[in-house]
There are 2 protein chains.
Amino acid sequence: MEFTLDALLVLSRPITADLTRYMKEAEELLQKGAPAGEGARIDEWNLEKDQLKLRIKSGRYVRPHDAVYRIKNYLAKEMGAEYKTGVREILGRRYEIIFEVKDNPERDMKVPFVKEISFKNKTCRILLENLDDSFLQKNYVDRIINLVNEKIEEQLYAGKGEHHEITWSSPVKEHAGSKDPTQEMKRKNWIKHRGRGQWIYGPIPTKIIKTMESIVEEELIKPLGFQEVIIPKAVTWDVWKRSGHAKNIYNEIYYLSPPKTRSREFWEDVIDEYRITGEIPLDKIKERIDPPIGGVSYAQCPPLWPFFENRTLDLEQMPLKLFDRSGPSMRYESGGIHGIERVDEFHRIEIVWLGTRKQVIKLHKEIIEAYKKIFNQVLDLEWRLAWVTPWFMAQEGINGLADEKHEIGTVDFESYLPYKGSRDESEWLEFQNASNNGIKYPEGFNVKLSGGKKLYSGCTGIGLERWLATFLAQKSLNPENWPHEFREGFGEMPEEIRLL
Amino acid sequence: MEFTLDALLVLSRPITADLTRYMKEAEELLQKGAPAGEGARIDEWNLEKDQLKLRIKSGRYVRPHDAVYRIKNYLAKEMGAEYKTGVREILGRRYEIIFEVKDNPERDMKVPFVKEISFKNKTCRILLENLDDSFLQKNYVDRIINLVNEKIEEQLYAGKGEHHEITWSSPVKEHAGSKDPTQEMKRKNWIKHRGRGQWIYGPIPTKIIKTMESIVEEELIKPLGFQEVIIPKAVTWDVWKRSGHAKNIYNEIYYLSPPKTRSREFWEDVIDEYRITGEIPLDKIKERIDPPIGGVSYAQCPPLWPFFENRTLDLEQMPLKLFDRSGPSMRYESGGIHGIERVDEFHRIEIVWLGTRKQVIKLHKEIIEAYKKIFNQVLDLEWRLAWVTPWFMAQEGINGLADEKHEIGTVDFESYLPYKGSRDESEWLEFQNASNNGIKYPEGFNVKLSGGKKLYSGCTGIGLERWLATFLAQKSLNPENWPHEFREGFGEMPEEIRLL
């Protein structure tokens, strides 16, 4: 690694002075915290009136954007007394950084703030120009280096796709269903298509979903002792910053913007124009709303975490077992025609647990067992388990695995959809997952555990549309084909709504 | 009423002709559909090359923006054959409209598209200039006149406020509660404040809310036979156009915008900038999202109606009784510090019924009786009933009453909050309403009833935060003060979450 910063220190008043001694002493400070002789050094300096120009060089240690502030503080103290001046401002006129990378990237790379970037023999050279004080101070430089490394990593992984390793499969089953349940339900007025990836569910599919919810309550929530909470569905940026989602999900968010004000006068011409034209004046609206404050719930559990943020939980009270089913989440899914198995607005029971490493691993296993019982004995599904890239990594745009031992990470539940084709060739549906998220969220939201142990957490989202899609695809819409126990819980079939 | 339009008809090629005969014949057409002699007339005309200038005048009947198209069609037919030309374009160079109004407005009035507007002796004069074809054809002129009348109406009503007439009051009761439950719950970590008007509800308040839901199920939903459905919570403009909300609610919407595309490349520099700066690049995001497609659910029932849109319901199947509790609605409420009784994100059980006039009125009454039983016998509240401006009018910005007989309209349920002060001086909380919406929604969404009778509908929203606020304000947070039947349903008190 090689850093070369041409910095300009603007003094608070012009002076004439020989700074040789000061520079020598300052340079000694640049060795602190580095192995002997490996700190930064001042290669050149030049003072003219109020302009002190420095060239600072370093290797890995005491990088010039840090070194320059050590120099500033030193000069303020030493020179301030003698010359009645201080450093008013620091500018980075030119900053060259050379560092080794894992591999040369396969495609051209664009990086914000970077004037030039080039690669040669697994070495990256970056040139930055005209950097202001805050750029240097906020450590953007180190983050730029990280970003370059991450981008190379992503390019390397891009071809490989997500990790996917099947760890368990149910027996092959015979299925009464052979058709796409979305089409069947539409035909019978059970559901009605609305906006992009959005459906209205009439009484029959809603009753099926509610029956599934009851099964989850009886087989999982109650026996394992989970308690219901209500998590907000409008998620502000601070949550996604701490959860890591702000690193990646922009292309899938439904953004939320409030009006700039509630004043009726402010909105009067929008209202008037609509009343005359009958068209929503979108251009006028765009000018009158704030930038997005965040978006609609994406993953469901992150907005729970502010409840605990910056606090310490009581070890005695662990594990905490909570769940939320208070509203939909939204994702801007890919276009084209999809059924209820891929929707923009979807409903999920989100189950969350917090505790020690041991408690969280144990609950993760118990939950998977409870699901197995539900899918095998109650719903009688054909499905399989896969160990995959953890969702909290995938949603940050990272590939790979968190833990080779399969303790921290995500297990996907995948179902066979007969209408999609043969078992081998068709795409199975990820209708469920369960994750041990390790220390990810406690760290992100700065939540501690009393007694000094690390806090762990896990979560599992029950995607009700996907349960419905799986169940009806395998069992058909005819209750006579449904498993006995499910039909018992479902009870009487509601009348279909007749639309003439 | 007096309309004077100076129109320019641009011909498809220049001609020289004496149009006297044509104009005379055309003028006869302008009498059709009007009482004798009260149609429009052509006051002046002048042809120069391809420019035919007309001055058309009318009273109430056959207004010039309609008349000019009759003339166009006539000329196309008659003149087309003889002169091999037609009318290529119609422009309104100047349009003066004079009409009587209820009263002179109290404040200056601004109206889109209007160049000049003035009032004198309850007469309004409007001047429009340079109107294009679509402006004339889409009948904006009549809508401008309506808008002026509505604005005068609104100004007249503005001082009077909403209609509010108390029709029933419970006995005065003694209350164990005297404090603001929001503050009490915060102190005990039952709830945690999030964004603007947004809270996370921990296990205890959630269990209270769920107990209330069960009471509603047992006392109202099941005995009256309502069936659960799932209504989308992202509401697109088409719904609000048909429900009438597009006329008014812009200052309270949380707007929803999807990304312009899902392409990762498109979003790469947003992602990269965030990864370097740690700040969300809002300016870049604003450029990369679409104009709002609508907003988050406001009133909860309008997005159900597309299920029935443009269809006919079966009289035999009436009344249809449905309810939804699938997610929160949002409103941009006024700023300042509020408790859970006034929130931006709130949860509601929305109950909807459709049927004949008689069925809808009957259900409205039965529902009010069911609520009375819940509030008096189960929750033991101090509350009152008020007949108010119907919500479907209020949300369109209209004041007054729909129906003097108190059959079609809204009844509000208001509760006394002891911590707010004395019964007489403090503001009571509207914690519940129930409406007979008449033919409003069936008309808006074009839904018919077989057999030719008109379809009616009603709805009632159970605002769970407001039930909670009312209950805890009157009964306190101590279960020992809660009514026996409620405590039975509530069961064991969950442990408070300890945040150290």
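As the structure is a computational prediction, the values presented were derived from the model and not from experiment.

What follows deals with the overall build of chain A. Each helix and strand in chain A was counted, giving 14 helices and 23 strands. Radius of gyration (C-alpha) of chain A: 30 Å, far over the 23 Å computed for a compact globule of 500 residues. Summarising its shape, the C-alpha atoms of chain A cover approximately 95 × 65 × 50 Å along the three principal directions. Residues classed as buried in chain A amount to 57% of the 500 residues present. When contacts within chain A are restricted to residue pairs at least 6 apart in sequence, those whose partners lie at least 24 apart make up 74%. Entry remark: accessible area of chain A is about 21,200 Å², with carbon and sulfur atoms responsible for 45%. Taking the average location of the 75 positive side-chain charges in chain A and that of its 80 negative ones, the two points are 3 Å from each other.

A rotation about an axis combined with a shift along that same axis relates the two copies of the chain. Laying chain A over chain B is done by rotating through 180 degrees and shifting 0.0 Å along the axis; what remains is an RMSD of 0.1 Å. As the rotation angle and translation indicate, the two copies are arranged about a two-fold axis. Measuring from the rotation axis to each C-alpha of chain A, the shortest distance belongs to Gly327(A), at 1.8 Å. Of all interface residues in chain A, 100% are interface residues in chain B too; the two copies therefore contact each other through one and the same surface.

Once that is clear, we can look at the confidence of the model for chain A. Across chain A, the average pLDDT comes to 93, with 98% of residues at or above 70. Scored by ipTM, the complex comes to 0.92, with pTM at 0.92.

Looking now at the packing of aromatic side chains. Residues and elements named next belong to chain A. Inspection of the entire model under this criterion finds 64 aromatic pairs over all chains. Ring geometry for phenylalanine 486 against phenylalanine 490: centres 6.4 Å apart, planes inclined by 20 degrees, an arrangement best described as stacked. Of this pair, phenylalanine 486 and phenylalanine 490 both sit in helix α14 (residues 484–490), four residues apart, roughly one helical turn. There is no split in this pair, since phenylalanine 486 and phenylalanine 490 are both buried. What links up through ring pairs into an aromatic cluster is the set Trp168, Tyr371, Phe375, Trp383, Phe413, Phe431 and Trp467.

Turning our attention to the pattern of salt bridges. Scanning all chains against the criterion turns up 84 salt bridges over all chains. Across the pair Lys173(A) and Asp380(A) runs a salt bridge, and its minimum N-O distance is 3.0 Å. Separated by 207 residues along the polypeptide, Lys173(A) in the loop between β7 (164–169) and α5 (181–187) and Asp380(A) in the loop between α10 (357–378) and β19 (383–388) bring together distant segments of the chain. A residue is classified by how much of its surface remains accessible, and Asp380(A), at 29% relative accessible area, is partly exposed. Lys373(B) serves as the salt-bridge partner of Glu219(B), at 2.8 Å between the closest nitrogen and oxygen. With Glu219(B) in helix α6 (residues 203–224) and Lys373(B) in helix α10 (residues 357–378), this pair connects stretches of sequence that are 154 residues apart. You can call Lys373(B) partly exposed: its relative accessible area is 36%. It is possible to trace a salt-bridge network through shared partners that takes in Lys210(A), Glu213(A), Glu217(A), Glu228(A), Arg325(A), Lys210(B), Glu213(B), Glu217(B), Glu228(B) and Arg325(B).

This next bit is on the domain arrangement of chain A. What the domain assignment reports for chain A is domain 1 (2–158), domain 2 (164–257 + 296–490) and domain 3 (258–291). The straight-line distance from the C-alpha centre of domain 1 of chain A to that of domain 2 of chain A is 47 Å.

Turning our eyes to something else, we now look at the sheet that holds strand β3 (residues 51–58) of chain B. Residues and elements named next belong to chain B. With antiparallel pairing, the six strands of this open sheet are ordered in space as β2-β3-β1-β4-β6-β5. Edge positions in the sheet fall to β2 (41–48) and β5 (116–120), since each of these pairs with one other strand and no more. Strand after strand, the sheet turns through a mean of 10 degrees between neighbouring axes, direction not considered. Bridge analysis of β5 against strand β6 (residues 123–131) gives five bridges, and the strand direction is antiparallel. When the bridges of β6 are listed, serine 118 appears paired with arginine 125. Lying on the sheet, helix α4 (residues 140–158) is in contact with β1 (2–11), β4 (87–100), β5 and β6; it crosses β4 at an angle near 25 degrees.

Right, let's talk about the sheet that holds strand β15 (residues 320–324) of chain A for a bit. Residue and element names in this part refer to chain A. What the eight strands build is an open sheet, ordered β7-β19-β20-β21-β23-β18-β15-β10; its pairing is mixed. Each edge of the sheet is formed by a strand with only one pairing partner; in this case those strands are β7 and β10 (227–228). Bridge analysis of β19 against strand β20 (residues 409–415) gives six bridges, and the strand direction is antiparallel. Each residue of the ladder has a partner; that of valine 388, found in β20, is threonine 410. Seen against the sheet, helix α13 (residues 464–475) touches β18 (348–355), β20, β21 (429–436) and β23 (456–463) and runs at an angle of roughly 135 degrees to β21.

For the rest of this paragraph, the subject is the packing of helix α1 (residues 20–29) of chain B against helix α2 (residues 64–83) of chain B. Residue and element names in this part refer to chain B. Their axes nearest at 9 Å, the elements α1 and α2 cross at an angle of 145 degrees. Like other packed secondary-structure pairs, α1 and α2 cross with a definite hand, here right-handed. Along the contact surface, α1 presents Arg21, Tyr22, Met23, Glu25, Ala26 and Leu29, while α2 presents Arg70, Ile71, Tyr74, Leu75, Glu78, Met79, Glu82 and Tyr83. Considering only residue class, the contact of α1 with α2 consists of nine nonpolar, no polar and five charged.

This brings us to the interface of chain A and chain B. A common way to express how large an interface is: the accessible area buried when the components associate. With 108 residues of chain A at the interface, the matching set in chain B holds 108 residues. Interface area for chain A against chain B, summed over the two sides, is near 10,000 Å², with a carbon-plus-sulfur share of 61%. Viewed at the interface, chain B and chain A are joined by 20 salt bridges. Note that Glu154(A) and Arg275(B) form a salt bridge whose closest N and O atoms lie 3.2 Å from each other. Summed over the shared surface of chain A and chain B, the number is 54 residue pairs in polar contact (both at pLDDT 80 or more). When residues of the side of chain A that touches chain B are assigned to their parent elements, the largest contribution, twelve residues, is made by helix α8 (residues 264–277) of chain A. When grouped by side-chain class, the residues that make up the side of chain A that touches chain B number 55 nonpolar, 20 polar and 33 charged. Sheet topology note: the strand β12 (residues 255–257) of chain A/strand β12 (residues 255–257) of chain B ladder contains three bridges and is antiparallel. The residue bridging Leu256(A) from the neighbouring strand is Leu256(B), located in β12(B).

With respect to the element layout, Asp269(A) can be found in helix α8. Taking the C-alpha atoms as reference, Asp269(A) lies 60 Å from Asn376(A); in sequence the two are 107 residues apart. With residues near it in sequence (within four places) discarded, Asp269(A) still touches Lys284(A), Arg288(A) and Pro112(B). Here the side chain of Asp269(A) touches Arg288(A) through a polar contact of 3.0 Å, side chain to side chain.

This part takes up the environment of Gly336(A). Note that Gly336(A) resides in the loop between β16 (329–330) and β17 (345–346). Taking the C-alpha atoms as reference points, Gly336(A) and Leu220(A), separated by 116 residues in sequence, lie 36 Å from one another.

Residue and element names in this part refer to chain A. α10 packs onto helix α6 (residues 203–224) with a crossing angle of 155 degrees between their chain directions and a minimal axis gap of 10 Å. It follows from the interaxial angle that α6 and α10 lie roughly antiparallel. The chirality of how α6 crosses α10 is right-handed. Judged by residue contacts, Ile215, Val216, Glu219, Leu220 and Leu224 of α6 engage Glu366, Ile367, Ala370, Tyr371, Lys373, Ile374 and Val378 from α10. Considering only residue class, the contact of α6 with α10 consists of nine nonpolar, no polar and three charged.

This part covers α13(A). Residues and elements named next belong to chain A. End to end, α13 covers 16 Å across twelve residues, agreeing with the expected 16 Å (1.5 Å per residue, within 8%). The buried fraction of α13 is high, at eleven of twelve residues. Immediately beyond the C-terminal end of α13, within one or two residues, lies serine 476, with a positive phi of roughly 75 degrees.

Parameters and conventions
- Residues numbered from 1 in each chain as written.
- Chains lettered and ligands numbered in written order.
- Predicted model: local features only at pLDDT ≥ 70, side-chain atom pairs only at ≥ 80, totals over all residues.
- Heavy atoms only, no water.
- Helix = DSSP H or I, 4+ residues; strand = E, 2+ residues; numbered from the N terminus.
- Rg over C-alpha atoms; globule rule 2.2 N^0.38 Å.
- Buried < 20%, exposed > 50% of the residue type's maximum accessible area, 1.4 Å probe, protein only.
- Contact = heavy atoms within 4.5 Å.
- Areas by Shrake-Rupley, 256 points an atom, 1.4 Å probe, with all protein chains shown as cover.
- Lys, Arg positive; Asp, Glu negative; His and termini not counted.
- Charge placed at Lys NZ, Arg CZ, Asp CG, Glu CD.
- Least-squares fit on C-alpha atoms with pLDDT ≥ 70 in both.
- pLDDT = per-residue confidence, 0-100.
- Phe/Tyr/Trp six-rings, centres within 6.5 Å; stacked < 30°, edge-to-face > 60°.
- Salt bridge = Lys/Arg side-chain N within 4 Å of Asp/Glu carboxyl O.
- Domains from an automatic or database assignment.
- Pairing = 2+ DSSP bridges.
- Axes fitted to C-alpha atoms, helices over the stretch in contact; angles between N-to-C directions.
- Left-handed = near helix turned anticlockwise from the far one by under 90°.
- Nonpolar A, V, L, I, M, F, W, Y, C, P; charged D, E, K, R; others polar.
- Buried area = accessible area lost by both parts, 1.4 Å probe.
- Polar contact = N/O pair within 3.5 Å; in protein donor to acceptor, adjacent residues only side chain to side chain.
- Parallel < 35°, antiparallel > 145°, perpendicular 65-115°, else oblique.
- Expected span 1.5 Å × (residues − 1).

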